[in-house]
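Structural description and commentary
Okay, here's what each chain looks like letter by letter:
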Amino acid sequence: MSQLQSTALARVQPSATLAVTAKARELKRAGRDVIGLGAGEPDFDTPENIKAAAIAAIQRGETKYTDVDGTPELKAAIVAKFERENGLTYTAAQIHVASGGKPVIYNALVATLNAGDEVVVPAPYWVSYPDMVLLAGGEPVFVTGEEADGFKLRPEVLEAAITPRTKWLILNSPSNPTGAAYTKAELEALADVLRRHPQVWVLTDDMYEHLTYGDFEYTTIAQVVPDLYDRTLTVNGVSKAYAMTGWRIGYAGGPKPLIDLMRKVASQTTSNPSSISQAAAVEALNGPQDFIAERGQAFERRRDLVVSMLNQATGIRCPNPEGAFYVYPSIEGLIGKTTEGGVVIDTDETFASALLEAEGVAVVHGEAFGLSPYFRISYATSESVLEEACSRIQRFTASLR
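Named according to an unreviewed UniProt entry, the chain is Aminotransferase originating from Brevundimonas staleyi. The chain has a UniProt comment under Catalytic activity (unreviewed entry) that states "L-aspartate + 2-oxoglutarate = oxaloacetate + L-glutamate". The annotation that UniProt attaches to the chain under Sequence similarities (unreviewed entry) is "Belongs to the class-I pyridoxal-phosphate-dependent aminotransferase family."

This is the structure in C-alpha coordinates:
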(Lines give C-alpha, C1' and ligand atoms only; values in the text may rest on other atoms or scores of the structure.)
Protein backbone atom coordinates (compact mmCIF):
# COMPACT_ATOMS: atom_id res chain seq x y z
CA MET A 1 0.00 0.00 0.00
CA SER A 2 2.92 2.36 0.72
CA GLN A 3 3.92 2.07 -2.95
CA LEU A 4 0.39 3.01 -4.02
CA GLN A 5 0.03 6.19 -1.93
CA SER A 6 1.44 9.38 -3.38
CA THR A 7 4.10 11.33 -1.51
CA ALA A 8 1.74 14.32 -1.33
CA LEU A 9 -1.06 12.30 0.26
CA ALA A 10 1.35 10.70 2.73
CA ARG A 11 1.94 14.19 4.20
CA VAL A 12 -1.66 14.61 5.39
CA GLN A 13 -4.02 13.09 7.94
CA PRO A 14 -7.73 12.24 7.63
CA SER A 15 -10.10 14.82 9.13
CA ALA A 16 -10.27 14.32 12.91
CA THR A 17 -13.74 15.84 13.14
CA LEU A 18 -15.12 13.49 10.50
CA ALA A 19 -13.42 10.57 12.26
CA VAL A 20 -15.06 11.41 15.59
CA THR A 21 -18.47 11.72 13.95
CA ALA A 22 -18.00 8.37 12.20
CA LYS A 23 -16.94 6.72 15.47
CA ALA A 24 -20.02 8.07 17.27
CA ARG A 25 -22.29 6.73 14.52
CA GLU A 26 -20.55 3.35 14.66
CA LEU A 27 -21.09 3.09 18.42
CA LYS A 28 -24.74 4.10 18.07
CA ARG A 29 -25.27 1.38 15.46
CA ALA A 30 -23.76 -1.07 17.93
CA GLY A 31 -26.35 -0.08 20.52
CA ARG A 32 -24.33 2.32 22.67
CA ASP A 33 -25.98 5.41 24.13
CA VAL A 34 -23.76 8.01 22.49
CA ILE A 35 -24.12 11.79 22.31
CA GLY A 36 -22.10 13.08 19.35
CA LEU A 37 -20.81 16.61 19.80
CA GLY A 38 -18.21 16.42 17.05
CA ALA A 39 -20.12 17.42 13.93
CA GLY A 40 -19.98 21.04 12.81
CA GLU A 41 -23.43 21.36 11.32
CA PRO A 42 -26.66 23.00 12.48
CA ASP A 43 -29.39 20.67 13.71
CA PHE A 44 -32.01 22.95 12.14
CA ASP A 45 -33.58 21.94 8.84
CA THR A 46 -33.06 23.86 5.60
CA PRO A 47 -35.86 26.48 5.38
CA GLU A 48 -38.90 25.47 3.35
CA ASN A 49 -38.58 28.26 0.77
CA ILE A 50 -35.08 27.08 -0.09
CA LYS A 51 -36.18 23.47 -0.46
CA ALA A 52 -39.09 24.62 -2.62
CA ALA A 53 -36.70 26.52 -4.90
CA ALA A 54 -34.69 23.35 -5.42
CA ILE A 55 -37.82 21.34 -6.26
CA ALA A 56 -38.93 24.02 -8.69
CA ALA A 57 -35.52 23.91 -10.40
CA ILE A 58 -35.85 20.16 -10.84
CA GLN A 59 -39.33 20.56 -12.29
CA ARG A 60 -38.02 23.19 -14.72
CA GLY A 61 -35.44 20.71 -15.92
CA GLU A 62 -32.41 22.60 -14.57
CA THR A 63 -30.48 19.35 -14.32
CA LYS A 64 -27.67 19.99 -16.78
CA TYR A 65 -24.10 21.16 -16.48
CA THR A 66 -23.68 24.81 -15.53
CA ASP A 67 -20.77 27.18 -15.89
CA VAL A 68 -17.76 25.71 -14.11
CA ASP A 69 -17.76 28.06 -11.14
CA GLY A 70 -21.39 29.08 -10.79
CA THR A 71 -24.51 30.09 -12.67
CA PRO A 72 -25.01 33.76 -13.59
CA GLU A 73 -28.03 33.84 -11.26
CA LEU A 74 -26.06 32.58 -8.28
CA LYS A 75 -23.11 34.85 -8.95
CA ALA A 76 -25.50 37.82 -9.12
CA ALA A 77 -26.99 36.80 -5.75
CA ILE A 78 -23.50 36.54 -4.24
CA VAL A 79 -22.48 39.94 -5.63
CA ALA A 80 -25.62 41.42 -4.06
CA LYS A 81 -24.92 39.68 -0.73
CA PHE A 82 -21.37 41.00 -0.51
CA GLU A 83 -22.58 44.54 -1.24
CA ARG A 84 -25.57 44.37 1.08
CA GLU A 85 -23.96 42.71 4.08
CA ASN A 86 -20.25 43.51 3.81
CA GLY A 87 -19.98 46.70 1.78
CA LEU A 88 -17.78 44.85 -0.73
CA THR A 89 -18.15 45.51 -4.44
CA TYR A 90 -17.43 42.64 -6.81
CA THR A 91 -18.41 41.82 -10.38
CA ALA A 92 -19.60 38.38 -11.45
CA ALA A 93 -16.13 37.77 -12.90
CA GLN A 94 -14.73 38.09 -9.36
CA ILE A 95 -16.95 35.36 -7.90
CA HIS A 96 -16.07 31.67 -7.58
CA VAL A 97 -18.60 28.99 -6.59
CA ALA A 98 -17.67 25.41 -5.71
CA SER A 99 -19.07 22.32 -4.00
CA GLY A 100 -18.60 23.67 -0.48
CA GLY A 101 -16.24 26.05 1.26
CA LYS A 102 -13.49 23.44 1.44
CA PRO A 103 -13.12 23.14 -2.38
CA VAL A 104 -13.12 26.95 -2.66
CA ILE A 105 -10.16 27.14 -0.30
CA TYR A 106 -8.41 24.17 -1.89
CA ASN A 107 -8.82 25.62 -5.38
CA ALA A 108 -7.20 28.87 -4.24
CA LEU A 109 -4.26 27.06 -2.65
CA VAL A 110 -3.67 24.68 -5.56
CA ALA A 111 -3.87 27.59 -7.99
CA THR A 112 -1.23 29.68 -6.22
CA LEU A 113 1.20 27.59 -4.17
CA ASN A 114 4.58 26.34 -5.36
CA ALA A 115 6.79 23.90 -3.49
CA GLY A 116 8.15 25.61 -0.40
CA ASP A 117 5.66 28.47 -0.36
CA GLU A 118 4.49 29.15 3.17
CA VAL A 119 0.98 29.70 4.53
CA VAL A 120 0.55 31.23 7.97
CA VAL A 121 -2.10 29.20 9.82
CA PRO A 122 -3.18 30.56 13.22
CA ALA A 123 -3.83 27.87 15.82
CA PRO A 124 -6.26 26.70 17.00
CA TYR A 125 -7.22 26.07 13.37
CA TRP A 126 -9.90 24.22 11.44
CA VAL A 127 -8.41 20.77 10.95
CA SER A 128 -8.42 20.95 7.14
CA TYR A 129 -6.34 24.11 6.63
CA PRO A 130 -2.85 22.66 7.13
CA ASP A 131 -3.56 19.46 5.24
CA MET A 132 -4.96 21.35 2.25
CA VAL A 133 -1.80 23.47 2.25
CA LEU A 134 0.32 20.32 2.27
CA LEU A 135 -1.69 18.70 -0.53
CA ALA A 136 -1.23 21.86 -2.59
CA GLY A 137 2.55 21.62 -2.17
CA GLY A 138 2.96 24.40 0.38
CA GLU A 139 4.20 24.48 3.95
CA PRO A 140 1.90 25.48 6.84
CA VAL A 141 3.53 27.81 9.34
CA PHE A 142 1.70 27.60 12.66
CA VAL A 143 1.29 30.58 14.95
CA THR A 144 -0.68 30.42 18.18
CA GLY A 145 -3.52 32.58 19.38
CA GLU A 146 -3.28 32.09 23.12
CA GLU A 147 -6.32 31.69 25.34
CA ALA A 148 -5.31 34.87 27.18
CA ASP A 149 -5.69 36.74 23.86
CA GLY A 150 -9.09 35.18 23.14
CA PHE A 151 -7.39 32.61 20.87
CA LYS A 152 -6.72 35.42 18.38
CA LEU A 153 -3.52 36.19 16.49
CA ARG A 154 -1.49 39.11 17.82
CA PRO A 155 0.18 41.43 15.27
CA GLU A 156 3.70 40.86 16.60
CA VAL A 157 3.24 37.09 16.34
CA LEU A 158 2.13 37.45 12.72
CA GLU A 159 5.09 39.73 11.98
CA ALA A 160 7.54 37.17 13.35
CA ALA A 161 6.03 34.36 11.24
CA ILE A 162 6.27 36.10 7.85
CA THR A 163 9.23 35.28 5.62
CA PRO A 164 10.02 36.00 1.94
CA ARG A 165 8.36 32.62 1.17
CA THR A 166 5.03 33.53 2.79
CA LYS A 167 2.22 33.47 0.20
CA TRP A 168 -0.96 33.43 2.31
CA LEU A 169 -2.36 34.20 5.74
CA ILE A 170 -5.52 32.26 6.61
CA LEU A 171 -8.00 33.99 8.92
CA ASN A 172 -11.17 32.36 10.25
CA SER A 173 -13.63 34.59 12.09
CA PRO A 174 -15.70 33.49 13.91
CA SER A 175 -13.41 30.55 14.39
CA ASN A 176 -13.79 26.85 14.17
CA PRO A 177 -12.86 25.49 16.76
CA THR A 178 -12.88 28.31 19.34
CA GLY A 179 -15.73 30.61 18.28
CA ALA A 180 -13.33 33.55 18.57
CA ALA A 181 -14.13 36.53 16.33
CA TYR A 182 -11.90 39.48 15.40
CA THR A 183 -13.06 43.01 16.13
CA LYS A 184 -12.59 45.81 13.64
CA ALA A 185 -9.65 47.15 15.67
CA GLU A 186 -7.99 43.73 15.77
CA LEU A 187 -8.29 43.36 11.98
CA GLU A 188 -6.82 46.84 11.49
CA ALA A 189 -3.85 45.91 13.68
CA LEU A 190 -3.17 42.79 11.60
CA ALA A 191 -3.49 44.89 8.44
CA ASP A 192 -0.71 47.18 9.68
CA VAL A 193 1.60 44.15 9.55
CA LEU A 194 0.34 42.96 6.17
CA ARG A 195 0.97 46.35 4.56
CA ARG A 196 4.68 45.83 5.23
CA HIS A 197 4.61 42.50 3.37
CA PRO A 198 2.91 43.02 -0.02
CA GLN A 199 3.67 39.45 -1.14
CA VAL A 200 1.26 38.04 1.45
CA TRP A 201 -2.32 37.36 0.38
CA VAL A 202 -5.19 36.98 2.84
CA LEU A 203 -7.70 34.13 2.74
CA THR A 204 -10.50 34.96 5.14
CA ASP A 205 -12.94 32.16 5.93
CA ASP A 206 -16.19 33.88 6.97
CA MET A 207 -18.39 30.78 7.03
CA TYR A 208 -19.77 31.60 10.51
CA GLU A 209 -20.37 35.28 9.74
CA HIS A 210 -24.03 35.26 10.80
CA LEU A 211 -23.40 33.43 14.06
CA THR A 212 -22.16 36.10 16.47
CA TYR A 213 -23.65 36.91 19.84
CA GLY A 214 -24.42 39.78 22.17
CA ASP A 215 -23.37 43.18 20.83
CA PHE A 216 -20.46 41.86 18.77
CA GLU A 217 -20.26 43.69 15.42
CA TYR A 218 -19.07 41.44 12.61
CA THR A 219 -16.70 42.78 9.96
CA THR A 220 -14.42 41.14 7.39
CA ILE A 221 -10.91 42.32 6.62
CA ALA A 222 -11.38 43.64 3.06
CA GLN A 223 -14.32 45.66 4.36
CA VAL A 224 -12.33 47.12 7.25
CA VAL A 225 -9.11 47.66 5.30
CA PRO A 226 -9.96 48.51 1.67
CA ASP A 227 -6.32 48.74 0.61
CA LEU A 228 -6.05 44.95 1.12
CA TYR A 229 -8.99 44.31 -1.24
CA ASP A 230 -6.69 43.50 -4.17
CA ARG A 231 -5.00 40.64 -2.31
CA THR A 232 -7.86 39.23 -0.24
CA LEU A 233 -10.03 36.23 -1.01
CA THR A 234 -13.25 36.44 1.02
CA VAL A 235 -14.68 32.94 1.45
CA ASN A 236 -18.20 32.16 2.59
CA GLY A 237 -21.04 29.73 1.90
CA VAL A 238 -24.60 28.74 2.69
CA SER A 239 -23.87 25.72 4.89
CA LYS A 240 -23.99 27.19 8.40
CA ALA A 241 -26.30 30.22 8.32
CA TYR A 242 -28.87 28.51 6.09
CA ALA A 243 -28.51 24.95 7.47
CA MET A 244 -27.43 23.65 4.06
CA THR A 245 -24.37 21.56 4.89
CA GLY A 246 -25.42 18.67 2.64
CA TRP A 247 -26.21 20.94 -0.32
CA ARG A 248 -22.48 21.67 -0.75
CA ILE A 249 -22.27 25.27 -1.94
CA GLY A 250 -19.37 27.53 -1.02
CA TYR A 251 -18.29 30.74 -2.68
CA ALA A 252 -15.70 33.49 -2.65
CA GLY A 253 -15.06 36.98 -3.92
CA GLY A 254 -11.61 38.15 -4.90
CA PRO A 255 -9.36 39.72 -7.53
CA LYS A 256 -10.20 38.54 -11.04
CA PRO A 257 -6.72 37.12 -11.81
CA LEU A 258 -7.00 34.83 -8.78
CA ILE A 259 -10.59 33.85 -9.58
CA ASP A 260 -9.51 32.98 -13.15
CA LEU A 261 -6.86 30.62 -11.76
CA MET A 262 -9.34 29.00 -9.38
CA ARG A 263 -11.77 28.45 -12.26
CA LYS A 264 -8.97 26.72 -14.19
CA VAL A 265 -8.45 24.30 -11.29
CA ALA A 266 -12.18 23.58 -11.04
CA SER A 267 -12.44 22.98 -14.77
CA GLN A 268 -10.11 19.99 -14.48
CA THR A 269 -11.29 18.63 -11.12
CA THR A 270 -14.86 18.89 -9.86
CA SER A 271 -16.32 21.02 -12.65
CA ASN A 272 -19.57 22.74 -11.65
CA PRO A 273 -21.39 22.34 -8.32
CA SER A 274 -24.82 20.71 -8.39
CA SER A 275 -27.21 22.73 -10.53
CA ILE A 276 -30.06 22.08 -8.07
CA SER A 277 -28.00 23.17 -5.07
CA GLN A 278 -27.08 26.36 -6.90
CA ALA A 279 -30.76 27.16 -7.50
CA ALA A 280 -31.43 26.59 -3.79
CA ALA A 281 -28.51 28.88 -2.87
CA VAL A 282 -29.95 31.68 -5.01
CA GLU A 283 -33.14 31.54 -2.94
CA ALA A 284 -31.13 31.34 0.29
CA LEU A 285 -29.23 34.54 -0.48
CA ASN A 286 -32.10 36.47 -2.10
CA GLY A 287 -35.00 35.22 0.03
CA PRO A 288 -36.15 36.02 3.58
CA GLN A 289 -33.33 36.35 6.11
CA ASP A 290 -35.26 36.82 9.36
CA PHE A 291 -34.89 33.18 10.49
CA ILE A 292 -31.10 33.66 10.76
CA ALA A 293 -31.44 35.95 13.77
CA GLU A 294 -34.05 33.69 15.35
CA ARG A 295 -31.82 30.66 15.06
CA GLY A 296 -28.88 32.74 16.25
CA GLN A 297 -30.73 33.43 19.48
CA ALA A 298 -31.19 29.69 19.97
CA PHE A 299 -27.47 29.13 19.43
CA GLU A 300 -26.66 31.88 21.93
CA ARG A 301 -28.83 30.21 24.58
CA ARG A 302 -27.05 26.94 23.89
CA ARG A 303 -23.66 28.61 24.18
CA ASP A 304 -24.58 30.11 27.54
CA LEU A 305 -25.82 26.75 28.81
CA VAL A 306 -22.70 24.85 27.73
CA VAL A 307 -20.24 27.47 29.00
CA SER A 308 -21.98 27.60 32.37
CA MET A 309 -22.16 23.83 32.85
CA LEU A 310 -18.61 23.15 31.69
CA ASN A 311 -17.23 25.79 34.02
CA GLN A 312 -18.92 23.86 36.83
CA ALA A 313 -17.10 20.67 35.84
CA THR A 314 -14.07 19.71 37.92
CA GLY A 315 -10.80 20.72 36.25
CA ILE A 316 -12.37 22.33 33.17
CA ARG A 317 -12.08 26.01 32.18
CA CYS A 318 -14.36 27.11 29.33
CA PRO A 319 -13.93 30.54 27.70
CA ASN A 320 -17.03 32.32 26.39
CA PRO A 321 -16.82 32.59 22.57
CA GLU A 322 -18.07 35.48 20.43
CA GLY A 323 -19.54 33.34 17.68
CA ALA A 324 -19.90 30.10 15.67
CA PHE A 325 -21.34 27.11 17.54
CA TYR A 326 -18.29 25.71 19.28
CA VAL A 327 -16.62 25.99 22.66
CA TYR A 328 -12.97 25.13 23.24
CA PRO A 329 -12.53 24.25 26.93
CA SER A 330 -9.20 23.69 28.64
CA ILE A 331 -8.51 20.44 30.53
CA GLU A 332 -5.25 21.72 31.99
CA GLY A 333 -6.65 20.97 35.45
CA LEU A 334 -7.19 17.31 34.57
CA ILE A 335 -3.79 16.41 33.15
CA GLY A 336 -2.19 13.70 35.30
CA LYS A 337 -5.45 12.48 36.81
CA THR A 338 -6.59 8.86 36.48
CA THR A 339 -9.92 7.34 35.48
CA GLU A 340 -11.73 4.73 37.54
CA GLY A 341 -10.47 2.21 35.00
CA GLY A 342 -6.83 3.22 35.59
CA VAL A 343 -6.27 5.32 32.46
CA VAL A 344 -3.98 8.31 33.06
CA ILE A 345 -5.24 11.51 31.41
CA ASP A 346 -1.91 12.60 29.90
CA THR A 347 -3.24 14.31 26.73
CA ASP A 348 -6.47 15.80 25.46
CA GLU A 349 -6.73 12.87 23.04
CA THR A 350 -6.66 10.46 25.99
CA PHE A 351 -9.31 12.58 27.70
CA ALA A 352 -11.62 12.48 24.67
CA SER A 353 -11.16 8.71 24.29
CA ALA A 354 -11.80 8.03 27.98
CA LEU A 355 -14.85 10.31 28.01
CA LEU A 356 -16.34 8.45 25.04
CA GLU A 357 -15.68 5.09 26.65
CA ALA A 358 -16.99 6.02 30.10
CA GLU A 359 -19.92 8.30 29.34
CA GLY A 360 -20.66 7.98 25.63
CA VAL A 361 -19.95 11.65 24.84
CA ALA A 362 -18.02 12.21 21.61
CA VAL A 363 -15.88 15.37 21.44
CA VAL A 364 -12.84 16.29 19.34
CA HIS A 365 -9.47 16.52 21.08
CA GLY A 366 -7.57 19.80 20.90
CA GLU A 367 -4.38 18.42 19.35
CA ALA A 368 -6.33 18.02 16.09
CA PHE A 369 -6.76 21.81 16.05
CA GLY A 370 -3.17 22.60 16.93
CA LEU A 371 -3.50 23.66 20.58
CA SER A 372 -3.51 21.43 23.66
CA PRO A 373 -4.73 20.59 26.27
CA TYR A 374 -8.23 21.51 25.04
CA PHE A 375 -11.20 19.85 23.37
CA ARG A 376 -13.95 21.07 21.07
CA ILE A 377 -17.67 20.74 21.54
CA SER A 378 -20.19 21.59 18.87
CA TYR A 379 -23.36 22.89 20.54
CA ALA A 380 -25.39 22.67 17.33
CA THR A 381 -27.96 20.41 18.95
CA SER A 382 -30.89 20.75 21.33
CA GLU A 383 -30.60 22.21 24.83
CA SER A 384 -31.87 18.96 26.36
CA VAL A 385 -29.13 16.95 24.61
CA LEU A 386 -26.50 19.50 25.60
CA GLU A 387 -27.62 19.48 29.21
CA GLU A 388 -27.40 15.69 29.34
CA ALA A 389 -23.97 15.72 27.63
CA CYS A 390 -22.58 18.34 30.00
CA SER A 391 -23.98 16.45 33.01
CA ARG A 392 -22.10 13.37 31.80
CA ILE A 393 -18.91 15.40 31.40
CA GLN A 394 -19.34 16.76 34.93
CA ARG A 395 -19.80 13.22 36.25
CA PHE A 396 -16.75 11.99 34.36
CA THR A 397 -14.42 14.77 35.52
CA ALA A 398 -15.62 14.41 39.11
CA SER A 399 -14.72 10.69 38.98
CA LEU A 400 -11.08 11.35 38.08
CA ARG A 401 -8.50 10.93 40.82
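From this point, the discussion proceeds with the structure in view.
Turning to unusual backbone geometry, a few remarks are in order. A cis amide bond, omega 0 degrees, links Ala-123 with the succeeding residue Pro-124. Looking at the element boundaries, Pro-124 is found in the loop between β3 (118-123) and α6 (128-135). The omega torsion across Ser-173 and Pro-174 is -10 degrees, close enough to zero to call that bond cis. Among the secondary structure elements, Pro-174 is positioned in the loop between β5 (166-172) and α8 (184-195). Phi at Arg-248 is positive, roughly 60 degrees, even though this residue is not glycine. As for its position among the elements, Arg-248 is in the loop between β7 (232-237) and β8 (250-253).

Attention now moves to the nonpolar core. One finds Ile-105, Leu-109, Tyr-129, Trp-168, Leu-203 and Leu-233 to be the most contacted residues of the largest nonpolar core, which totals 40 residues. Secondary-structure elements contributing two or more residues to this core are α2 (16-29), α5 (101-112), β3, α6, β5, β7 and α10 (256-267). Setting aside anything within four residues of it in sequence, one finds Leu-233 in contact with Ala-108, Trp-168, Val-202, Leu-203, Thr-204, Ala-252, Gly-253, Gly-254, Leu-258, Ile-259 and Met-262.

Two faces make up the sheet, and in a regular strand the side chains alternate between them. Here β3 pairs with strand β4 (residues 139-144) via six bridges, running parallel. Each bridged residue has a counterpart across the sheet, and for Val-119 the counterpart in β4 is Pro-140. Handedness of the crossover is the feature at issue here: the chain leaves β3, passes through α6, returns alongside β4, and the resulting connection is right-handed.

Attention now goes to empty space enclosed by the protein. A water-sized probe rolled over the atoms picks out the places where empty space is left. By the definition in use, this model includes four cavities of 30 Å³ or more. Considering only enclosed or pocket space, the largest cavity measures out at about 150 Å³ in volume. What lines the largest cavity is a set of 16 residues, and nearest its centre among them are Pro-122, Pro-124, Asn-172, Ser-175 and Tyr-182. Among the elements that make up the lining of the largest cavity, the one with the highest residue count is β5 (three residues). For the lining of the largest cavity, the per-class residue count stands at eleven nonpolar, four polar and one charged.

Moving on, we get to the sheet that holds strand β9 (residues 326-327). As summarised here, the arrangement of the three strands in space is β9-β12-β11, forming an open sheet in which the pairing is antiparallel. Both edges of this open sheet fall to β9 and β11 (364-365), since each of them pairs with a single strand only. Sheet topology note: the β9/strand β12 (residues 375-378) ladder contains two bridges and is antiparallel. Bridging across to β12, Tyr-326 finds its partner in Ser-378.

For the structure shown, the criterion picks out 29 salt bridges. Where Lys-51 meets Glu-48, a salt bridge forms, and the shortest distance between an N and an O atom there is 3.0 Å. Note that Lys-51 and Glu-48 are positioned in helix α3 (residues 48-59) at a spacing of three residues, about one turn of the helix. By relative accessible area, which is 22% here, Lys-51 ends up partly exposed. Taking the relative accessible area as the measure of exposure, Glu-48 reaches 56% and is therefore exposed.

Most of β5 is tucked away, with six of its seven residues classed as buried. Pairing geometry for β3 and β5, over three bridges, is parallel. Bridge assignment links Val-120 to a residue of β5, and that residue is Leu-169. Inspection of the sheet shows β5 paired to strand β6 (residues 201-205) by five bridges, in the parallel sense. If you follow Trp-168 over to β6, its bridge partner there is Trp-201.

Conventions used here
- Residues numbered from 1 in each chain as written.
- Predicted model: local features only at pLDDT ≥ 70, side-chain atom pairs only at ≥ 80, totals over all residues.
- Heavy atoms only, no water.
- UniProt positions renumbered as here; feature names shortened; annotations may be inferred.
- Helix = DSSP H or I, 4+ residues; strand = E, 2+ residues; numbered from the N terminus.
- Core = buried A, V, L, I, M, F, W, Y, C linked by side-chain atoms within 4.5 Å.
- Buried < 20%, exposed > 50% of the residue type's maximum accessible area, 1.4 Å probe, protein only.
- Contact = heavy atoms within 4.5 Å.
- Pairing = 2+ DSSP bridges.
- Right-handed = clockwise from strand over helix to strand, strands pointing away.
- 1 Å grid on protein atoms, 1.4 Å probe; cavity = no way out; pocket = protein on both sides within 12 Å on 5 of 7 lines; lining within 4 Å.
- Points joined across faces, edges and corners; volume = space filled by probe spheres on them.
- Nonpolar A, V, L, I, M, F, W, Y, C, P; charged D, E, K, R; others polar.
- Salt bridge = Lys/Arg side-chain N within 4 Å of Asp/Glu carboxyl O.

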